[in-house]
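Structural overview for review
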Amino acid sequence: MVQIDRQNKFSVNPESSGQSRNDPSNAGVWNHMENQDFVLLEGPYTRMADVVNAVLATVKAVHKGCNVELWNSVQPKGNSGDSIESSTTTLYVKVQALQPVDDKSVVWNNPAVNMFTCDTPITLSGGVYGPIEDQGLKRSTIRVKECLPGVLRSSAVASVSETELSPVSAAVESFTSKAEEIRRTLSQGTNGIKSLQGTLNGVVRPQVNVGPAATAQVFLSGEGPGSLPRCGSDEERAKLATALSTLISISSDAVSFNLIHCDESSRPLATSMKEGLEILKQSTVTLIQQWNNLCA
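Nothing here was measured: the structure is a model prediction, and the numbers come from that model. (Residues numbered from 1 in each chain as written. Predicted model: local features only at pLDDT ≥ 70, side-chain atom pairs only at ≥ 80, totals over all residues. Heavy atoms only, no water.)

Along its length, the protein chain carries 6 helices and 9 strands. Looking at the protein chain residue by residue over its 296 residues, the buried ones come to 43%. In the protein chain, 68% of the contacts between residues at least 6 apart in sequence involve partners at least 24 apart. (Helix = DSSP H or I, 4+ residues; strand = E, 2+ residues; numbered from the N terminus. Buried < 20%, exposed > 50% of the residue type's maximum accessible area, 1.4 Å probe, protein only. Contact = heavy atoms within 4.5 Å.)

Pasting the structure below:
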């Protein structure tokens, strides 16, 4: 989703779009005026950095004489972007990656997608950054005026609804998404082994597996039910234990598959990932069992 706003509020204004679709400069995109959010559909495997650079370059070309700045920051709870001073000579551009609600595979295969979601990190304390127990998510559901893909590769935003996820629920979403990514890559067999290695690298390598381990330590420690109401309910913590168990299980399958099918040049990496998986298990499995026993 692309948002262009002179006042830096990033508010949805569905009625502000009025520029002609036949404008030769828009190439199916730039018919949306500033203060009008729109969803831009790019092809598979497009890098986010390339999209951002293209958007910034085009905005600068269309709005000559204006200073164009990229807005991108972790949001404190309740902050919608108004921490940056408004300006009449600066256009703030915000670009976010979206997921289709109905079809989370490839948008191009679905001719009738009109709802998307995106998650923005927030902190419960109101600061820019915080510890694990302070890190939640704001989930935005975006409905566009015209289904994508269509004649144009963009569509104006018609409405946005938002919900907040607690720190525990945010962790559940992260682990569930990662497990699904590993499962999907495994289904590709040896054709997806490079992608599988990249995904596993972010879960089980010793130098980066502090995420799942630290999350389990914070939310599934010896403190029993009812001890962390601010971070999430007991039901959410139970879901976290299940999601983490699932992630470890599917990661074990993936590590074994990678050890069997990787080429010799990837053998050291495969061995390192196996060692990392064992470290992850040692630091989390006991915590999961302890939590389940406390809830029994």
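With respect to the secondary-structure elements, T284 resides in helix α6 (residues 267-295). Every residue in contact with T284, bar those within four places of it in the chain, is listed here: P212, A213, A216, L244 and I248.

This part covers the packing of helix α2 (residues 167-186) against helix α3 (residues 193-204). Where α2 contacts α3, the two axes come as close as 9 Å, and the packing angle between them is 155 degrees. Taken together, the axes of α2 and α3 are roughly antiparallel relative to one another. Read as a crossing pair, α2 and α3 show a hand that is left-handed. Contacts between α2 and α3 involve K178, E181, I182, T185 and L186 from the first element and S195, L196, T199, L200 and V203 from the second. (Axes fitted to C-alpha atoms, helices over the stretch in contact; angles between N-to-C directions. Parallel < 35°, antiparallel > 145°, perpendicular 65-115°, else oblique. Left-handed = near helix turned anticlockwise from the far one by under 90°.)

Mapping E180 onto the fold places it in helix α2. Given a relative accessible area of 37%, E180 falls into the partly exposed group.

What follows covers the confidence of the model for the protein chain. Of all residues in the protein chain, 75% attain a pLDDT of 70 or more, and the chain-wide mean is 76. Element-level mean pLDDT values for the protein chain span from 46 in strand β4 (residues 75-76) up to 93 in helix α5 (residues 234-261). Low confidence marks residues 7-33, where pLDDT is under 50. Its contacts with residues over four positions away, or in another chain, come to 68 contacts. Considering only residues more than four positions removed or in separate chains, one finds that residues 104-108, a stretch of pLDDT under 50, has 12 contacts. (pLDDT = per-residue confidence, 0-100.)

An ideal rise of 1.5 Å per residue puts 21 Å on 15 residues; helix α1 (residues 48-62) measures up with 21 Å between its terminal C-alpha atoms. Buried within α1 we find V51, V52, V55, L56 and V59. Projected down its long axis, α1 carries its buried residues within an arc of 125 degrees, all on one side. (Expected span 1.5 Å × (residues − 1). Arc of directions from axis to C-beta.)

This next bit is on the nonpolar core. I182, L200, V204, L220 and L240 are the most contacted members of the largest nonpolar core, which has 32 residues in total. Put simply, the parts of the chain that give this core at least two residues each are α2, α3, α4 (210-219), α5 and α6. Considering every element that reaches this core, the biggest residue donor is α5, with 10 residues. (Core = buried A, V, L, I, M, F, W, Y, C linked by side-chain atoms within 4.5 Å.)

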